[in-house]
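Close look at the chain arrangement
Spelled out from the first residue to the last, the chains are:
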Amino acid sequence: MGILVYLILSSLPGAVALLSVLAFTALAWYVADRAERGGAKDPSWIVIDEIAGFQWATLFVPPTPGNITMCFLFFRFFDIVKPPPARLVERKLAGGLGIVADDLVAALYARLTFASVVYLNGSIL
């Protein structure tokens, strides 16, 4: 689902794509907060936070199969491993914000790793 959302957003003009990702992230925060109020801490059946994180990892990345695969794998790796400060923000920030924030940290790590690979490769894949 995250890749489908990315493909739709990547076809939009830059400013519209950025505003769309911001709005989607706000929606993810709201949905995650409502789900947590229902009694579950970061319920596994809520994936909108991962979809929002993936959108940040891929924002302004050209939609080629290689780019999508790399960004997806990097994002999932960092989302699972939760390098600092991902686990800390997940624990310290309340409600939906904490649920979404760890995915935003994973997105930042994924994007930096992707940018490093592109830089070392000399071009976008």
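What comes next concerns the included structure. Please read these numbers as outputs of a predicted model, since none were measured by experiment. (Residues numbered from 1 in each chain as written. Predicted model: local features only at pLDDT ≥ 70, side-chain atom pairs only at ≥ 80, totals over all residues. Heavy atoms only, no water.)

Structural notes on the side chain of aspartate 103
Relative to the assigned elements, aspartate 103 resides in helix α6 (residues 95–121). One buried charged residue, aspartate 103, remains without a salt bridge, the closest side chain of opposite sign being lysine 82 at 5.3 Å. (Helix = DSSP H or I, 4+ residues; strand = E, 2+ residues; numbered from the N terminus. Buried < 20%, exposed > 50% of the residue type's maximum accessible area, 1.4 Å probe, protein only. Lys, Arg positive; Asp, Glu negative; His and termini not counted. Salt bridge = Lys/Arg side-chain N within 4 Å of Asp/Glu carboxyl O.)

Describing the packing of helix α2 (residues 14–37) against α6
Put simply, α2 and α6 touch, their axes get as near as 7 Å, and they point 130° apart. Considering the angle they form, α2 stands oblique to α6. Note that α2 runs across α6; the crossing there is right-handed. Of the residues in α6, those in contact with Thr25, Ala28, Trp29, Ala32, Asp33 and Glu36 of α2 are Gly95, Gly96, Leu97, Ile99, Val100 and Leu104. Looking at the contact of α2 with α6, its residues break down into seven nonpolar, three polar and two charged. (Axes fitted to C-alpha atoms, helices over the stretch in contact; angles between N-to-C directions. Parallel < 35°, antiparallel > 145°, perpendicular 65-115°, else oblique. Left-handed = near helix turned anticlockwise from the far one by under 90°. Contact = heavy atoms within 4.5 Å. Nonpolar A, V, L, I, M, F, W, Y, C, P; charged D, E, K, R; others polar.)

Digging into unusual backbone geometry
Here the amide bond leading from proline 84 into proline 85 is cis, since omega sits at 5°, within 30 degrees of zero. Inspection of the secondary structure puts proline 85 in the loop between α4 (65–81) and α5 (86–92). At phenylalanine 60, a position not held by glycine, the phi torsion is positive, near 70°. Here phenylalanine 60 lies in the loop between α3 (48–58) and α4. Backbone geometry places lysine 82, a non-glycine residue, at a positive phi of 55°. Within the secondary structure, lysine 82 sits in the loop between α4 and α5. Classification of lysine 82 as buried rests on a relative accessible area of 15%.

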